[in-house]
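So you can see what is in the structure, the chains are spelled out below.
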Amino acid sequence: MGIQDIIEGKKQWRAHVARVKALPPDYQIVYKEMQKYLFKVGPVDLPDGPLLPGIVDFFEEGAAAGKGVLELVGNDVAAFCDDLIKDSRTYADVYQESISANPHTDEK
């Protein structure tokens with residue numbers, strides 16, 4: 001990864017954060033909670049993938065339609081996030097694969 005890639009990545013992230021800050025306050029709160037949750041359990045490609053920008057798109061459309069954020073995601077935000085990533089490869093999957101590939105034996 002070259003310096004230009006890093007600079008471009010930072011520009012894209014700043015633009016993303018600006019879009020989040022333009023959302024209504026309740027949307028911002030839910031987005032930040034979703035982001036925290038997804039960074040803990042989420043897909044391997046989360047930082048560079050389409051999921052976070054897609055959530056912002058979805059929230060912008062909901063806000064423009066005058067809907068409350070919980071009308072869009074429901075009361076169980078974690079379940080909503082889990083549904084979003086149900087077919088994605090997660091860090092837990094990577095860890096499980098590494099354990100399966102390198103079984104540890106306690107034979108003496």
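Before any of the text, the structure's been laid out above.
My aim in this report is to walk through the structure given alongside it, one point at a time. Every value quoted in this text rests on a predicted model; they were computed, and no experiment measured them.

Rules of the game
- Residues numbered from 1 in each chain as written.
- Predicted model: local features only at pLDDT ≥ 70, side-chain atom pairs only at ≥ 80, totals over all residues.
- Heavy atoms only, no water.
- Salt bridge = Lys/Arg side-chain N within 4 Å of Asp/Glu carboxyl O.
- Helix = DSSP H or I, 4+ residues; strand = E, 2+ residues; numbered from the N terminus.
- Buried < 20%, exposed > 50% of the residue type's maximum accessible area, 1.4 Å probe, protein only.
- Axes fitted to C-alpha atoms, helices over the stretch in contact; angles between N-to-C directions.
- Parallel < 35°, antiparallel > 145°, perpendicular 65-115°, else oblique.
- Left-handed = near helix turned anticlockwise from the far one by under 90°.
- Contact = heavy atoms within 4.5 Å.

Let's shift gears to the pattern of salt bridges. All chains considered together, the criterion is met by 5 salt bridges. Among the salt bridges present, the one from Arg 19 reaches Glu 60, with a minimum N-O distance of 2.8 Å. Here Glu 60 lies in helix H3 (residues 51-64) and Arg 19 lies in helix H1 (residues 3-21), a separation of 41 residues in the sequence. Note that Arg 89 is salt-bridged to Glu 97, the shortest N-O span being 2.5 Å. Judged by its relative accessible area of 46%, Arg 89 falls in the partly exposed class. Sharing partners across several salt bridges, the network here consists of Arg 19, Asp 57 and Glu 60.

Angle between the axes and distance between the axes: these two values describe a pair of packed helices. Interaxial distance between helix H2 (residues 25-41) and H3 falls to 11 Å at its minimum, and their mutual angle equals 160°. Accordingly, the angle class assigned to the pair H2 and H3 is roughly antiparallel. Handedness of the crossing formed by H2 with H3: right-handed. On H3, the residues that touch Tyr 27, Val 30, Tyr 31, Met 34, Gln 35, Leu 38 and Phe 39 of H2 are Leu 51, Leu 52, Ile 55, Val 56, Phe 59, Gly 62 and Ala 63.

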